[in-house]
Amino acid sequence: MSNVLLVDMEKCTGCKQCALACSLTKEDLFDPLRSRIKILKREKTAMSVQLLCEQCSGHPCTDACPEDALTRDEGTGIITVDADLCTGCGACAKVCPYHAIRLHPETEVPLICDLCGGDPYCVQHCVPEALMWVDETDERVKEKKKLRAARMAQYKSIIEES
């Protein structure tokens, strides 16, 4: 059975442990700017919105890449970046419907969650359990969509305020 990553912003405290754990495992240093998960905070309400690759079925990021540097594993939905082909144009980030892709601050290669090969490190370090790596069932897929829709509504609200 495959798994699905659930992200519940109602449980998130905004501590950014997930982003630090991600940058440590991927970049060998603590730097949220190099993480594959972004935490957008709304200070007024203490609400945090988590932005990360949703392994969406439409995968517009791979379609937008003029160099074919991004590929999608059809089995897992994981997007892989070939850094040798990538020119850092950012086309993938511009089309991501979940605002999950940003470019590495030095190399400009897209930072995209790869679920750590099937055992997301961020989940292991999420103390409030806002990130959950659970068996994929029809109910969990529906829950993922519901949680994602809530996060995107909150994201839109934060962006409109700024």
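So, how was this worked out
- Residue numbers here run from 1 along each chain, matching the order of that chain's written sequence.
- A pLDDT threshold of at least 70 governs which residues receive local features in this predicted model, and a stricter bar of 80 or more applies before side-chain atom pairs are shown or counted, although totals over entire chains, interfaces and linings include all residues.
- The basis for every side-chain value is the complete set of heavy atoms in the structure, and neither hydrogens nor water enter the calculation.
- Working definition of a nonpolar core: buried Ala, Val, Leu, Ile, Met, Phe, Trp, Tyr and Cys residues. They are joined through side-chain atoms within 4.5 Å.
- Note on exposure labels: buried denotes an accessible area under 20% of the residue type's maximum, exposed denotes more than 50%, and partly exposed covers the range between, all computed with a 1.4 Å probe on protein chains only.
- Helix and strand definitions here come from DSSP, where helices need a minimum of 4 consecutive H or I residues and strands a minimum of 2 consecutive E residues; each element is numbered from the N-terminal end.
- What makes two residues a contact is simply this: any of their non-hydrogen atoms within 4.5 Å.
- In this description, the term disulfide denotes a pair of cysteine sulfurs within 2.5 Å.
- Between the first and last residue of a helix there are one fewer steps than residues, each counted as 1.5 Å, and that sum is the expected span.
- pLDDT is a per-residue confidence score from the predictor, ranging from 0 to 100.
- Salt bridge, as used here: a side-chain nitrogen of Lys or Arg that lies within 4 Å of a carboxyl oxygen of Asp or Glu.

Enquirer: How do you make sense of the nonpolar core when you look at a structure like this?
Expert: Buried together is how nonpolar side chains tend to be arranged in soluble globular proteins. In terms of nonpolar packing, the biggest core is built from 38 residues, with Ile37, Leu70 and Leu131 touching the most fellow members. Of all elements in the fold, only strand E1 (3-7), helix H1 (17-27), strand E3 (47-51), helix H4 (121-124) and helix H5 (138-161) reach the threshold of two or more residues within this core. Look past the residues within four positions of Leu70 in its chain and what remains in contact with it is Cys61, Thr62, Cys65, Ile79, Thr80, Val81, Cys92, Pro110 and Ile112. With five residues, the next largest nonpolar core counts Val4, Leu6, Val134 and Leu147 among its residues.

Enquirer: I keep staring at unusual backbone geometry and nothing clicks. Help me out?
Expert: Most peptide bonds adopt trans geometry, and most residues besides glycine take a negative phi value. Located in the positive-phi region is Asp28, a residue other than glycine, with phi close to 65 degrees. Looking at where Asp28 falls in the secondary structure, it is placed in the loop between H1 and strand E2 (38-42). Residue Asp28 is classed as exposed on the basis of its relative accessible area of 65%. For Glu129, which is not glycine, the phi dihedral falls at a positive 60 degrees. In this fold, Glu129 is placed in the loop between H4 and strand E8 (131-135).

Enquirer: When you look at the state of the cysteines in this model, what are you seeing that I'm missing?
Expert: Throughout this description, disulfide means a covalent bond between two cysteine sulfur atoms. Taken as a whole and assessed by the stated rule, the structure comprises zero disulfides. With no disulfide of its own, Cys86 lies closest to Cys65 among cysteine sulfurs, the gap being 6.4 Å. By relative accessible area, which is 19% here, Cys86 ends up buried. Considering cysteine sulfurs only, Cys86 is the nearest to Cys92, which forms no disulfide, with 6.4 Å between them.

Enquirer: Which parts of the structure should I look at to understand H5?
Expert: Each full turn of the α-helix corresponds to 3.6 residues, which orients residues three or four apart in the same direction. Along its 24 residues, H5 runs 35 Å from first to last C-alpha, staying within 8% of the 34 Å computed at 1.5 Å per residue. Looking only at H5, the buried set comprises Lys144, Leu147, Arg148, Arg151, Met152, Gln154, Tyr155 and Ile158. Its buried side turned inward, H5 meets E1, E2 and E3.

Enquirer: What's the story with the confidence of the model for the protein in this structure? I'm lost.
Expert: Low pLDDT means the predicted atomic positions in that stretch should not be read closely. Chain-level statistics for the protein give a pLDDT mean of 94 and a share of 99% at 70 or above. Strand E7 (residues 110-111) holds the highest mean pLDDT among the elements of the protein, 98, whereas E2 holds the lowest, 91.

Enquirer: Would you mind going over H1 with me for this structure?
Expert: Here H1 has its buried residues at Cys18, Ala19, Ala21, Cys22 and Ser23. Packed against the buried residues of H1 are E2, H4 and E8.

Enquirer: Help me out: how do you make sense of the environment of Met47 in this one?
Expert: Mapped onto the elements of the fold, Met47 is located in strand E3. In the structure, Met47 is positioned 25 residues away from Arg72 in sequence and 32 Å away in space, judged by C-alpha atoms. Setting aside chain neighbours within four positions, we find Met47 in contact with Met9, Glu10, Leu40, Lys41, Arg42 and Gln154.

Enquirer: Sorry if this is basic, but what is going on with the pattern of salt bridges here?
Expert: Pairing is possible between side chains that carry opposite charge, provided their charged atoms lie close to one another. All told, the structure shown has ten salt bridges when counted by the stated rule. The closest approach of N and O atoms between Arg148 and Glu54, which form a salt bridge, is 3.6 Å. Taken as a pair, Arg148 in helix H5 and Glu54 in the loop between E3 and helix H2 (60-64) lie far apart in primary sequence, 94 residues in all. An identical accessibility class is assigned to Arg148 and Glu54; each is buried. Salt-bridge contacts for Arg151 lead to Glu54; the nearest nitrogen and oxygen are separated by 2.6 Å. Of this pair, Arg151 sits in helix H5 while Glu54 sits in the loop between E3 and H2; the two residues are 97 residues apart in sequence, bridging distant segments of the chain. Residue Glu54 is classed as buried on the basis of its relative accessible area of 6%. It is possible to trace a salt-bridge network through shared partners that takes in Glu54, Lys144, Arg148 and Arg151.

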